[in-house]
Amino acid sequence: MSVSGKSLKAIIRRCALVVLLAIAFGYIEAAVVVYLRQIFHPEGFSFPLISFPLTAQSRSMVLVEVGREAATIILIICAAILSGHNRKQRIAYFLIIFAIWDIFYYVWLKILLGWPGSIMDWDVLFLIPLPWAGPVLAPALVSLMMLVFAGMILYRDFCERPINKPIWETLGYSVSGLIVITSFCLAGKYMQSADYAEHFSWPIFLAGLLTACVASARWICKKREKDS
């Protein structure tokens, strides 16, 4: 078997292990949410959210949940660092783990709770630095785009045709992430409002995704120019 053949098999094996880890991690996340919903929403989880009394115990549990979310990101970062052999691979594996974890989080919730009823059901997505909220479809789209980007990175790395210092593309991805997070945080302010669904700005969210697509297109064009 050629060296490239062995390298491809190694990448496929590593990707399979990373995906398995992310699926299992998604189950852990879903299991925690099952317990949280029993504690904070015993009568059922739905939007608009029903506020619960802010006792000392509930405040403490919210802080614990924020800490758990931070620990989750740290674990994903560490898993990506251990999986990749260079910076580009580590970025790709981070995107894969995060995306698969997020997608299977909802798959497992559907199996365990029969929720979400549809991809347009709203969810509390994150709590750092502010509460994030939005329809399930939105983070699913982000996850799918992350998988596409990860595939692009691994393919270029395998072909040994990297682009060094993609400054404008990196800036584009950073701006894209900030725009998407802003759309979630803005919606998070209205989780308890009866008209909550009107407060998710699809134009802002899609602008964030479009910015990432433009950065990717620029990246691909630059690669082709260098390869030609």
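This text goes with the structure placed above it.
The structure presented is a predicted model; accordingly, all values stated were derived computationally and were not measured.

### Overview of the overall build of the protein chain
Here is step 1: Tallying secondary structure elements over the protein chain gives six helices and two strands in all.
Here is step 2: The order of helices and strands in the protein chain, counted from the N terminus, is α-α-α-β-β-α-α-α.
Here is step 3: Going through the 228 residues of the protein chain one by one, you find that 38% of them count as buried.
Here is step 4: By sequence separation, contacts in the protein chain at least 24 residues apart represent 74% of the contacts at least 6 residues apart.

### Notes on a nonpolar patch on the surface
Here is step 1: A contiguous nonpolar patch, built from Tyr 27, Ile 28, Val 107, Ile 111, Leu 112 and Leu 113 and spanning about 520 Å² of accessible area, is present on the exposed surface.
Here is step 2: Those elements that provide at least two residues to the nonpolar patch are α1 (3–40) and α3 (87–113).
Here is step 3: Counting residues per element, the nonpolar patch draws most heavily on α3, which supplies four residues.

### A short note on the pairing of strand β1 (residues 122–126)
Here is step 1: Of all five residues that make up β1, four are buried, and the element is covered over most of its length.
Here is step 2: Bridge count for β1 against strand β2 (residues 132–135) is four bridges, and the pairing is antiparallel. Each residue of the ladder has a partner; that of Val 124, found in β2, is Ala 133.
Here is step 3: Counting the residues between successive antiparallel strands, the hairpin from β1 to β2 contains five residues.

Quick notes on the rules
Residues numbered from 1 in each chain as written. Predicted model: local features only at pLDDT ≥ 70, side-chain atom pairs only at ≥ 80, totals over all residues. Heavy atoms only, no water. Helix = DSSP H or I, 4+ residues; strand = E, 2+ residues; numbered from the N terminus. Buried < 20%, exposed > 50% of the residue type's maximum accessible area, 1.4 Å probe, protein only. Contact = heavy atoms within 4.5 Å. Patch = residues over 30% accessible without salt bridge, like charges linked within 9 Å, V, L, I, M, F, W, Y side chains within 5 Å. Areas by Shrake-Rupley, 256 points an atom, 1.4 Å probe, with all protein chains shown as cover. Salt bridge = Lys/Arg side-chain N within 4 Å of Asp/Glu carboxyl O. Pairing = 2+ DSSP bridges.

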